[in-house]
Every structure is written in structure tokens, then in C-alpha cells.
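Survey of secondary and tertiary structure
What follows is the residue order along each chain.
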Amino acid sequence: MSENKGVIQLFKHKTESVKRNHPWIFSGAIHTNTEDLNDGQVVTVTDNKGNFLARGHFQHATIAVRVLTFSDQPIDQEFFNKKILNAVELRRKMDLFSLDNNICRLIHGEGDSLPGLIIDYYNGAAVIQCHSYGMYDSITLISEALKNALGNSLKAIYSKSSDTLPGRTETEDGYLYGEVETPFIAQEHGINLSIDWIKGQKTGFFVDQRENRKLLGKYAHAKKVLNTFCYSGGFSLTALQNGATLVHSLDSSKKAIELTETNVALNQFDGQHGSIVADAMDYMKELNEDYDIIVLDPPAFAKHRDKRHKAIQGYKRLNAHAIRQIKPGGIIFTFSCSQVVDKYLFNNTIIAAAIEAGRNVKILEQLHQPADHPINAFHPEGEYLKGLVIQVD
Ligand code: SAH
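Anyway, here's the lowdown on the structure attached to this text. (Residues numbered from 1 in each chain as written. Predicted model: local features only at pLDDT ≥ 70, side-chain atom pairs only at ≥ 80, totals over all residues. Heavy atoms only, no water.)

**Here's the deal with the pattern of salt bridges**
The line we're drawing: In what follows, salt bridge is the name for a side-chain nitrogen of Lys or Arg lying within 4 Å of a carboxyl oxygen of Asp or Glu. Runs of E in the DSSP output that reach at least two residues are strands. Runs of H or I that reach at least four are helices, and both are numbered from the N terminus. The rule is simple: take the accessible area with a 1.4 Å probe, protein chains only, and divide by the maximum for that residue type; under 20% is buried, over 50% is exposed, in between is partly exposed.
Scanning all chains against the criterion turns up 14 salt bridges. For Arg210, the salt bridge identified is with Asp372, shortest N-O distance 2.9 Å. Here the residue Arg210 occupies a position in helix H5 (residues 210–219), and Asp372 occupies one in the loop between strand S18 (361–368) and strand S19 (386–392), the gap between them amounting to 162 residues. Exposure class is identical for Arg210 and Asp372. Each is buried. For Asp292, the salt bridge identified is with Lys327, shortest N-O distance 2.9 Å. Within this pair, whereas Asp292 is found in the loop between helix H8 (280–285) and strand S16 (293–296), its partner Lys327 is found in the loop between helix H9 (308–325) and strand S17 (330–336), the two being separated by 35 residues in sequence.

In C-alpha cells:
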């Protein structure tokens, strides 16, 4: 790790947000010439008089500093030990390390006061994804902290940042500690899941829908379900576990459908399941089946603010197709994971879709990301997943 030699001074009138503990410092707030600083370096941030404000990871980017601490302390092994132990203890409180349920997000970036770091946990295997060079350069400290916090229950640590830090040629994925065979089996609410972080998307599984999948289980008994954008079939599996008569899983990726089928077979749910490789929008345009429940969980339609308008049109169209065609009394679980579309805008979009479809809709439940994806109160940008359960009359 680079030595903490860099000191960055902010402009006089640009200290408000850091004083309010917001963990991002934008390049426009910085008075000091930063040309000589290295990506990933730990820097100290001061006001224009040299008073300490924060310490964090520097990067030549719009978000120039991701703040690790607002107190004058070193960023060393002890720092990471404390932060990671706190996060593990929080997940213990949430009962996320049981035999039945041992998949969780261990570190959720800013939400766990470690901006730029994501760690997902699968029954003893930790998969690290770094979103900043500073975190990538701290990976040995992070690994040691994980061993320290998890003890004997930790079987392996896998580092996977080549997708998230594509600019860095030296970023290599691989095991940092132990090794387990992939696909690896872990459990969510009593369902067996085959997870492959090496070949799969992100860290191998969409951990953030755990509680929403469980909720679907309550509605699924004796129902015919369509799960669109299914990836590895999480929603399909809870529906089947709870007695759905038939579940169709749809994804445009053949690989995703193969993962879903593996998971369906692993839980011996084969009899009530069918899969469809198709574009969800095309399929939804003209449904040839009567479904009681439809799940719509698309990938982020907008990653940036300038794409928001187009994203809204996409959500509206997709939801209008589902609302128009679902059985009377049917239930739709609809989601958006676009951070730039907030819950109010999303709710309004669904209402607009109902108006377009010309049917009465009741909002039954308002959904969000689970507790192991905490939102730092000083960083509202951390809220990204939102959803609704609606009934169409
Ligand atoms: N609901 C899933 C996670 C969805 S991730 C779960 O609970 O695990 C989004 C998925 O949408 C990915 O698997 C991706 O392959 C799929 N996808 C992206 N664009 C699509 C499209 N146009 N039609 C259908 N599937 C699509």
C-alpha cells in the first residue's frame, strides 16, 4: 500500500459535504494540484487552513477521494480489522450465517463505511469485488481482516475485480486464501443454490433479492408464475418451494437459463418448471399464457442520470405489457435497481403504466434492498433497489 504522504486541501467553500460526513469528494472541490498522486493512494484531506477533515483513497476521477475515516487515524491492518469485524457482527445479528441461510453481503461499500469495496459471502467462501484502486491495493489487508473476523468458518477468499476495474492491466482474478470447487453450493432460506463466481455475473449471485424472494413465496401457493430476467432462478425457486403449480423462468442469456435449470434440478423441482430463452420485452408484448404472478427484475436500465428518461420509458413499457395481460386478480412483483431512479419516480412510473394499460392496480407492498445492503444515512446514493408488489383487478 502507498504511504500516506499525500495531503489534499479543499477550496474554502467546498467543505460542507465532507463536514456532513458524505464519503465522496469530487475533483472540483480540490484546491491542491493532484497530478503527482497515484491512483489508489491514501490521502489526507484538509480545509483551506490545513485542518484535518478526512482520510481516504485517491483516484484520478470525478469522485477523487472515497473517504475511509473522518478522524485522524491510520489506514492500516487494525483499521480494516475493525471495520470488517463490525460488518460481520452486524450480519450475525441478522442471522445470516445459519445452516439454512448462509448467503449474504458482508461488505456493502459506503453502507459499511468502506467505499469501493463489495464482499459477498457464500457458506464460507468470500468473494471480493473492488470498485476503487485503493481497495484493490489494500486487498491483502482486507483478506487478513476477513480471516480475523470469520475464523474457522472461512474456507476461501476469491478476488474478482477484473470487471469492475477494467482499466488496470495487472488486475487478476483468483484465490487469495484457500480454494473451493465451483460451482459451490450455498443455501438461501432452505434452498440449495449452485454458485459460480468465476464464470457467473458479478460475484455469482444476486444476493440483494433474498427477502423479496422470500415474500414471493407467500403469494405463490397453487399459482402459475412467470419469472422474467431470472438469472440463476432465485425467484423461481422460492415460488416452487412454496407450492407453485408451474413456474416459467425467462432470461435472454442461455447461460443464465442453464444456471436456473441446474438450481431447479438441485432442489428436485423439475416437474413444475419450464424455461424460456428470449428477450423479455419481446416476450411480454404478447403473452400467450395466463399467469397468476409475474416477476419483473430487469438489470439497471439507467446507470447514469442522462439515461434516466429512456430508462423510465423502458420500465413503463415493460410494466404496461405485464399489467395489460396478467389474469384478473394477478400479482406483479416489479423492481428497479437503477440508482438514478428513486422510489417516488419508480412508483409514478408504475402508476403511469397502469393508466396506459387501462386496468385498476392496487399497491400491496413497497420493497427495497435488504439489511445486509445498508444505506449510510450520509450517503443517500446508496439506496438503489426498489420494488412494488401490485395486484391488478
Ligand atoms: N432476478 C434475478 C437477477 C436478475 S439480473 C435474481 O433474482 O437472481 C438481470 C438478468 O436479466 C440477467 O440474468 C440478464 O441476463 C437478464 N437480461 C438482461 N437483458 C435482458 C432482456 N432484454 N431480456 C431478458 N433478460 C435479460
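**Structural notes on the site of the ligand**
To be explicit about the condition: Any residue with a heavy atom lying within 4 Å of a molecule or strand is counted as near it. Polar contact criterion, stated in full: a pair of N or O atoms within 3.5 Å, where within protein one must be able to donate a hydrogen and the other to accept it, and residues adjacent in sequence count only if both atoms are side-chain atoms. Computed with a 1.4 Å probe, the accessible areas rest on the Shrake-Rupley method; for each residue, only the protein chains presented here act as cover.
The environment of the ligand is formed by 16 residues, the closest being Arg213, Asp251, Asp279, Ala280 and Asp297. For the ligand, a nitrogen atom lies 3.1 Å from a polar atom in the backbone of Phe229. A distance of 3.1 Å is found between a nitrogen atom of the ligand and a backbone nitrogen or oxygen belonging to Ser252. Protein burial of the ligand: of its 590 Å² of free accessible surface, 87% is covered by the chains.

**Looking at the sheet that holds S17**
Heads up, the rule is: Only strands joined by at least two bridges in the DSSP assignment are considered to pair. Axis definition: a line fitted to C-alpha atoms, limited for helices to the stretch in contact. Angles are taken between N-to-C directions and run from 0 to 180 degrees. Here a residue-residue contact requires only that any non-hydrogen atoms of the pair lie within 4.5 Å.
The sheet built from 7 strands is open, its strands ordered S15-S14-S13-S16-S17-S19-S18 with mixed pairing. Strand pairing shows two members of the sheet lacking a second neighbour, strand S15 (273–277) and S18, which therefore form its edges. Taking each pair of neighbouring strands and ignoring which way they run, the sheet shows an average axis angle of 15°. Bridge count between S17 and S19: 7 bridges; the pairing is antiparallel. For Thr334, the partnering residue across the bridge sits in S19 and is Leu388. Those strands touched by helix H7 (residues 254–266) are strand S14 (246–251) and S15, and its axis lies near 170° from that of S15. Of the strands in this sheet, S16, S17, S18 and S19 touch H9, which is tilted by about 170° from S17.

**Comments concerning the packing of aromatic side chains**
Just so we agree on the cut-off: Two rings from Phe, Tyr or Trp (for Trp, the six-membered ring) form a pair when their centres sit within 6.5 Å of each other. Planes less than 30 degrees apart are called stacked, planes more than 60 degrees apart edge-to-face, and all others tilted. To sit over a ring, a charge needs its Lys NZ or Arg CZ within 6 Å of the ring centre and within 35 degrees of the ring normal.
Taken as a whole, this structure holds 11 aromatic pairs when the rule is applied. Arranged with centres 5.8 Å apart and planes meeting at 10°, the rings of Tyr122 and Trp197 form a pair that is stacked. Highlighted residues: Tyr122 in strand S7 (residues 117–122) and Trp197 in the loop between strand S12 (191–195) and H5, separated in sequence by 75 residues. The same class applies to Tyr122 and to Trp197, which are both buried. Here the aromatic rings of Tyr158 and Tyr175 are separated by 4.9 Å at their centres, their planes lie at 70°, and the arrangement is edge-to-face. One end of the pair, Tyr158, is in strand S9 (residues 156–159); the other, Tyr175, is in strand S10 (residues 174–177), and 17 residues separate them in sequence. Counting every residue linked through ring pairs, the aromatic cluster contains Tyr122, Phe184 and Trp197. Across from the ring centre of Phe97, 5.6 Å away, lies the NZ or CZ of Arg92, which sits over that ring. In this structure, Arg213 packs its charged tip against the face of Phe235, placed 5.9 Å from the ring centre.

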